[in-house]
Structures are given as structure tokens and as C-alpha cells.
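Secondary and tertiary structure notes
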Amino acid sequence: MPRRPLPIAALCAAAVTAACDGDSVRISPAGAGPGEARGALKVVQALQCPQTMGSLTRKGSASAEGTICTYAGPRGAEVTLHLVELDETSPAQVLTAFEARLSAAMPQAVAQLKAAGPPGSGQDGGRAPGVDIRADGDEARVRIGGFQIDASRRGAAARDPAAEGDNVSVQAYQDAAEIRTRGGGGATRASWTLADSRPSEGGWRLVGYEARGPAGGPIVVATMRARDRDQVFGDGRDLVALNVGE
């Protein structure tokens, strides 16, 4: 009997169900192996904005006293690097504002995820861009949003081997998927991606951010929009790492 790929909704349900049966789900950041420690994040006074970073090319010079840099990528992809002082604002409040602005570029994806029923309701989850699913019987491996998820139907628990207390949450339904990551501890280490296999009116299929910074700030945030590939997301993460560290 041929084996079929597991629906993405079922895999995501496994990925976000914490502490069920031990170690049947493992979540690890791309490029970080078990036991690989992350260093302290730097306090940034002004952004470093190289002329190129991977597929990205800087547009003009840094603006607003070194707090904003803009980059262009393949097929009109856009990446903007921000240096944000926290002052009396929490990192969560800052990132919520970025998320709201980015979500406005992909209203179809937002509406679909809001309308989705709970996973396992009988609807077959679709594949979103940037999602690679490999299944063999009850075992599955998912690459999504820079993370690799190894899952089985026996149960689920989420663990990041690079730093205890980190967490990832995934919501996916049919054409759309939303992925959030949050690092443990007082520093800011966060990412958010919204993906849709259908282009928005502006042609966007992927939007998101990568944010890092020491406790108390400032934080460096790369906001990203792409039409057909997630390569610029990796390049955006590299810009953040160049400025503030891993």
C-alpha cells in the first residue's frame, strides 16, 4: 500500500503540542547543532549595512542616523533592517507592530488562518511555500521557516537543543502557514513568517521578520517580503547576525 505524505495540519498539531510523550518531536534552528552555545548579543549603536549580503543589494545608504537600511532581492524582494530603541516599550510590543504592518501585505493568508478549524477536522492541509515535508509511514520531517521538525504520530514534545526555554509555534491550513519562534532568557531572539502559496495583490507569498537584541535593547529587526523564494529570509537573518550576533 503506498504511503502518502502526512497533512501539514497534522504535523503542525504535533509540533505545537508541548510535553506529550517525551522526544517524538525535535525542533532545532538551522545551522545550530546540539550543544552549540549562542554568544551574548551586542549592544548596537548604528547598523552595519554592507553593500551586498547573499542575494541582497543595498539601496542607497543607511538612513535615519544609521537606524534603517533597505535592500532589494530577486524578483522585487524587499528586506529592511531596523535598529529599534526600546525606551518604555517591550520587545513584544515592537514586534507586534512590525507583524501588523507585514500582515497587511497578505490579507488572504491572514483570513484563511483565522477561518481555519482546529487541526484534524477532516480538512486536508495544503503545502505552503518554503515547506518541505518528507513522510515515511508514521514518521515525518518538515523543514519550515528555518527550522527542521522531526515528528511522529506517537505524540509530541518541542525542544530546541541549542537553548532550553526556546519555543516554536506553527499554524497551517491549506494554502497558508504562520510560524513563530521565541528564544528563552532575557534577550530578544524571535522570528515570524507568514507564507501563502497564492500570491497577494502585490505578488507577495512570504513576509516575516527576524529580531535579536540584548535585554533592554536596542533590538535589530530585519523585515522581509518575497514573491517566490525564501532565500532572502536567510540573507535577512545573516544581516541581523552580522550586527548583533547569534
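The sections below set out a description of the structure shown in this document. (Residues numbered from 1 in each chain as written. Predicted model: local features only at pLDDT ≥ 70, side-chain atom pairs only at ≥ 80, totals over all residues. Heavy atoms only, no water.)

Here's the deal with the overall build of the protein
Counting secondary structure elements, the protein contains four helices and 13 strands. Of the contacts formed within the protein by residues at least 6 apart in sequence, a portion of 61% connects residues at least 24 apart. A total of about 11900 Å² of accessible surface is found on the protein, and carbon and sulfur atoms cover 48% of it. (Helix = DSSP H or I, 4+ residues; strand = E, 2+ residues; numbered from the N terminus. Contact = heavy atoms within 4.5 Å. Areas by Shrake-Rupley, 256 points an atom, 1.4 Å probe, with all protein chains shown as cover.)

Quick word on helix H2 (residues 91-103)
Relative to the 18 Å expected for 13 residues at 1.5 Å per residue, H2 spans 18 Å between its end C-alpha atoms, a close match to the ideal helical length. Residues of H2 that are buried include every one of Val94, Leu95, Phe98, Glu99, Leu102 and Ser103, and no others. For H2, the arc enclosing every buried residue in end-on projection is 160°, short of the 170-degree limit, so these residues lie on one face. H2 presents Thr96, Ala100 and Arg101 as exposed residues on the side facing more than 90 degrees away from its buried surface. Buried residues along H2 sit against strand S5 (78-84), helix H3 (107-115), strand S10 (176-182), strand S11 (188-196), strand S12 (206-213) and strand S13 (219-226). (Expected span 1.5 Å × (residues − 1). Buried < 20%, exposed > 50% of the residue type's maximum accessible area, 1.4 Å probe, protein only. Arc of directions from axis to C-beta.)

Some remarks on the pairing of S5
In regular strands, side chains alternate between the two faces of the sheet. Among the seven residues that make up S5, six are buried, leaving the element largely enclosed by the rest of the structure. Two strands pair when backbone bridges link them, and strand S4 (residues 68-72) and S5 are joined in this way by five bridges, in the antiparallel orientation. Looking across to S5, one finds that Ala72 is bridged to Glu78. What sits between S4 and S5 in their antiparallel hairpin is a turn of five residues, with Arg75 showing a positive phi close to 55°. Note that S5 and S13 share seven bridges and pair antiparallel. By the bridge assignment for S13, Thr80 is matched with Thr223. (Pairing = 2+ DSSP bridges.)

A look at the pattern of salt bridges
Where charged atoms from two side chains of opposite charge approach closely, those side chains can pair. Considering all chains together, one arrives at eight salt bridges under this definition. Residue Arg180 pairs with Glu99 through a salt bridge whose shortest N-O separation is 2.6 Å. Taken together, the positions of Arg180 in strand S10 and Glu99 in helix H2 put the pair 81 residues apart, joining distant regions of the chain. Residue Glu210 pairs with Arg212 through a salt bridge whose shortest N-O separation is 3.1 Å. The pair Glu210 / Arg212 is uniform in exposure class, with both members buried. (Salt bridge = Lys/Arg side-chain N within 4 Å of Asp/Glu carboxyl O.)

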